[in-house]
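Architecture and fold: a report
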Amino acid sequence: MQNELNEFLGNDRKQFEKSELLENNTPAVPFDLFNLWLQQAIDNNLLEPYAMTLATSVDNKPSNRVVYLREIYANGYGFFTNYLSKKGLDLAKNPNASVLFFWPQVERQIRLEGVIKPASKEISDNYFNGRPRNSQVGAWASEQSKIIPSRETLN
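Now for a description of the structure that goes with this document. Keep in mind the model is a prediction, meaning the values are calculated, not measured. (Residues numbered from 1 in each chain as written. Predicted model: local features only at pLDDT ≥ 70, side-chain atom pairs only at ≥ 80, totals over all residues. Heavy atoms only, no water.)

Observations regarding the overall build of the chain
As a reminder, the rule being used: Counting from the N terminus, the helices are the DSSP runs of H or I reaching at least four residues and the strands are the DSSP runs of E reaching at least two. For accessible areas, the Shrake-Rupley method is used with a probe of radius 1.4 Å. Any residue's cover is judged against the shown protein chains and nothing else.
Scanning the chain from terminus to terminus reveals five helices and six strands. From first element to last, N terminus to C terminus, the chain shows the α and β order α-α-β-β-β-β-α-β-β-α-α. Approximately 12200 Å² of the chain is accessible, and the part contributed by carbon and sulfur atoms is 52%.

Spelled out as structure tokens, the structure:
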């Protein structure tokens, strides 16, 4: 089966022809292009348009996971995480990270790289308080990235 999969993977080719990125029609400010593409992804009802893969690295060990874009600022973007989760602890040790948005339906992806800075307590509290109650309780009770002894622990 592995050989069949490898043959398929090695020969599966797609033509990416839905759009073209040219210097003469690209905004001078990269944030403007990202914001345009994000708005188009939302307007076209693409699946999970603000899902992004966050990549961190600590001690030369890369790690990534999907998080959601939740804020847009004049000079950056925001997401929220539990500071005690693996990603929160990774970012505390090394705030350099990258995120990747991938919208396969329109054959676009965009990568952002930079330093992740914690949001102010006010911004974090406002976000948390705006979440549905069940989501608040789940976030409060959850020890993200921690191993649980058994499935029964979840009941």
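Next comes the rest of the write-up.
Topic: the pattern of salt bridges
Just so we agree on the cut-off: Only one rule defines a salt bridge in this text: a Lys or Arg side-chain nitrogen within 4 Å of an Asp or Glu carboxyl oxygen. With a 1.4 Å probe rolled over the protein chains alone, any residue whose accessible area is under 20% of its type maximum counts as buried; one over 50% counts as exposed, and the rest are partly exposed.
All chains considered together, the criterion is met by three salt bridges. A salt bridge links Lys 86 to Asp 90; the nearest nitrogen and oxygen atoms lie 3.0 Å apart. Residue Lys 86 and its partner Asp 90 are both found in helix H3 (residues 86-93); the two are separated by four residues, about one turn of the helix. Between Arg 111 and Glu 113 there is a salt bridge, with its nearest N and O atoms 3.0 Å apart. Residue class for Arg 111 comes out exposed when judged on its relative accessible area of 56%. What you see here is one network of salt bridges that share partners, running through Arg 65, Lys 86 and Asp 90.

Quick word on unusual backbone geometry
Residue Asn 45 is not a glycine yet carries a positive backbone phi of 55 degrees. Inspection of the secondary structure assignment puts Asn 45 in the loop between helix H2 (30-43) and strand S1 (51-58). Judged by its relative accessible area of 68%, Asn 45 is exposed.

Quick word on a nonpolar patch on the surface
Just so we agree on the cut-off: Patch definition: residues above 30% relative accessible area lacking any salt bridge, with like charges linked at up to 9 Å and the nonpolar side chains Val, Leu, Ile, Met, Phe, Trp and Tyr linked at up to 5 Å.
Taken together, the side chains of Met 1, Leu 5, Phe 8 and Leu 9 define a hydrophobic patch exposed on the protein surface, amounting to about 490 Å² of accessible area. Counting through the fold element by element, Leu 5 comes out in helix H1 (residues 2-11).

Re the pairing of strand S6 (residues 108-115)
Within a regular strand, the side chains alternate between the two sheet faces. This is how it is decided: When DSSP finds two or more bridges between two strands, those strands count as paired.
By the bridge criterion, eight bridges tie strand S5 (residues 96-103) to S6 in an arrangement that is antiparallel. Bridging across to S6, Asn 96 finds its partner in Val 115. Linkage of S5 to S6, two consecutive antiparallel strands, is achieved through a turn of four residues, within which Glu 107 is found at a positive phi near 55 degrees.

Quick look at the sheet that holds strand S2 (residues 61-68)
Test applied: To obtain each axis, a line is fitted to C-alpha atoms, and for helices this fit is confined to the stretch in contact; angles are then taken between N-to-C directions over 0 to 180 degrees.
Strands sit in the order S2-S1-S5-S6 across an open sheet of four strands; the sheet is antiparallel. The strands lining the two open edges of the sheet, one partner per strand, are S2 and S6. Averaged over all adjacent pairs, the angle separating strand axes in this sheet is 20 degrees, with direction ignored. Here three bridges tie S1 to S5, and the two strands are oriented antiparallel to one another. Paired with Thr 53 across the bridge in S5 is Leu 100.

Thoughts on the side chain of Arg 108
Keep this limit in mind: The convention is simple: Lys and Arg are positive, Asp and Glu are negative, and His and the chain ends are not counted. Under this definition, polar contacts are N or O atom pairs within 3.5 Å; protein pairs additionally need one hydrogen-donor-capable and one acceptor-capable atom, and for neighbouring residues in sequence, both atoms have to be side-chain atoms. Any pair of residues with heavy atoms lying within 4.5 Å of one another is described as a contacting pair.
Examined against the element boundaries, Arg 108 turns out to sit in strand S6. Among buried charged residues, Arg 108 stands out as having no salt bridge; its nearest opposite-charge side chain is Glu 107, 8.7 Å away. A distance of 2.5 Å separates the side chain of Arg 108 from the side chain of Gln 40, its partner in a polar contact. When neighbours within four sequence positions are excluded, Arg 108 is seen to be in contact with Ser 19, Trp 37, Gln 40, Phe 101, Phe 102 and Trp 103.

Describing the packing of aromatic side chains
Using the following cut-off: For Phe, Tyr and Trp, where Trp contributes only its six-membered ring, two rings pair if their centres lie within 6.5 Å, and the inter-plane angle classes them as stacked under 30 degrees, edge-to-face over 60, or tilted in between.
Counted by the stated rule, this structure contains five aromatic pairs. With a centroid separation of 4.8 Å and 70 degrees between ring planes, the pair formed by Phe 34 and Tyr 77 is classed as edge-to-face. Taken together, the residues Phe 34 in helix H2 and Tyr 77 in strand S4 (residues 76-78) connect sequence positions 43 residues apart. A single burial state applies to Phe 34 and to Tyr 77, both of which are buried.

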